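Structure assessment
As a plain string of letters, each chain reads:
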Amino acid sequence: MATKRRLSPTARAAALIVALGADQAAQVYKHLREEEVELLSLEVAKLERLSASDLQEIVNDFYGLCQTHKVISEGGILYAREILERAFGAQLAASYMNRVSNAMQTRAFDFVRKSNYKNLAMMLQNEHPQTIAFVLSYVTAEQASRVISSFPKQLQLDVIKRIAVLDSVSPEIVKIVESVLEKRFSSMISVDLTEIGGVNYVAEIMNHTDRTTERYIFDELNKTDPELSNEIRKLMFVFEDIVNLDDLTIQRVLREVDQQDLAVAIKGSSKEIKDLLLNNVSSRARENILADIEYLRNVRLRDVERAQQKIVEVIRTLEESGEIVISRGEEDMIIA
């Protein structure tokens, strides 16, 4: 049931809103937060024309997720897996189970996710690193990255390592931690046994972390746990990974990058990356960029890192939208 066009989750939600029609869509909007309504409405406005088969696939997928959620809630994880495999087949059932389990996980600590990251950092700063890791596994990756960046460097490293090795946590443990935080934040009910943390989540956090924090954490992990460092790197894209992109992909990326940002990013790059980027722009653009670089004096490291991060964000956005494909190791090798 794969879509013929690869759409982002938000775009798929927008397509579903369109498929529901104005009256039913209005009823859905009543259950959304203001920022969610704004985001979804913007995506609806941007949505391009979809074929009937694409729209039908999205509706069918949503129906499958609703059924999965219902069966899990009423019968538990093991029962749900058996029923869903009979209904949809093993592969699709596993996909639905994972997606619904992740959605159900977000019920726990919802009050924490709604809090300002500064308040969250203040609340957690004196907690044990294991508690911090546990709570941050329930917030968004962007929140977690900001909170971790505000901690002392040694604590940053400790928390990252603890998040990476988190596994399944029982509802009882969730309830205990929530009750401790209840005086400071509104408590939410826990969910069934749920996978939290793990290396995948650490990679997502690192994808949202500023370059200075990212570099520090990887430098320290390389010293203390190089295997974990390598495992995280395989799951994320960092600026230095540009050397692994093909020329057509780089050219597509550079069309979205501001020339001034590109000049600053190149200013602090290795010769290999500099040559690679300059070889993938027109002769006229290369001359302009080299002229900009020539005039750049006393550029701060944080400005270079900020410009490099902007390029990385463009790459991640294009990958998420399906416009480019990034190969990560042999399993993701692309065959032309």
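Below you will find a few notes about this structure. (Residues numbered from 1 in each chain as written. Predicted model: local features only at pLDDT ≥ 70, side-chain atom pairs only at ≥ 80, totals over all residues. Heavy atoms only, no water.)

1. Observations concerning the packing of helix H13 (residues 199-207) against helix H15 (residues 226-234)
Two elements in contact, H13 and H15, have axes separated by 8 Å at closest approach and are oriented at 70°. The orientation of H13 with respect to H15, classified from their angle, is roughly perpendicular. By crossing handedness, the relation of H13 to H15 is classed as right-handed. Taking contact as the criterion, the partners of Val199, Val202, Ala203 and Met206 in H13 are, on H15, Leu228, Glu231 and Ile232. Of the residues belonging to the contact of H13 with H15, the class tally is six nonpolar, no polar and one charged. (Axes fitted to C-alpha atoms, helices over the stretch in contact; angles between N-to-C directions. Helix = DSSP H or I, 4+ residues; strand = E, 2+ residues; numbered from the N terminus. Parallel < 35°, antiparallel > 145°, perpendicular 65-115°, else oblique. Left-handed = near helix turned anticlockwise from the far one by under 90°. Contact = heavy atoms within 4.5 Å. Nonpolar A, V, L, I, M, F, W, Y, C, P; charged D, E, K, R; others polar.)

2. Quick look at the nonpolar core
Leu136, Ile163 and Ile232 are the most contacted members of the largest nonpolar core, which has 40 residues in total. Those elements that provide at least two residues to this core are helix H8 (117-124), helix H9 (129-136), helix H10 (141-149), helix H11 (153-164), helix H12 (171-181), H13, helix H14 (211-224) and H15. Non-local contacts of Ile232, meaning those with residues more than four positions away in its chain, are made with Val199, Val202, Ala203, Met206, Phe218 and Leu221. Among the nonpolar cores identified, the runner-up in size contains 31 residues, and Leu245, Ile266, Ile311 and Ile324 belong to it. (Core = buried A, V, L, I, M, F, W, Y, C linked by side-chain atoms within 4.5 Å. Buried < 20%, exposed > 50% of the residue type's maximum accessible area, 1.4 Å probe, protein only.)

3. Considerations on the environment of Glu305
Inspection of the secondary structure assignment puts Glu305 in helix H20 (residues 301-320). Beyond its immediate sequence surroundings of up to four residues, Glu305 is in contact with Arg211, Thr212 and Arg215.

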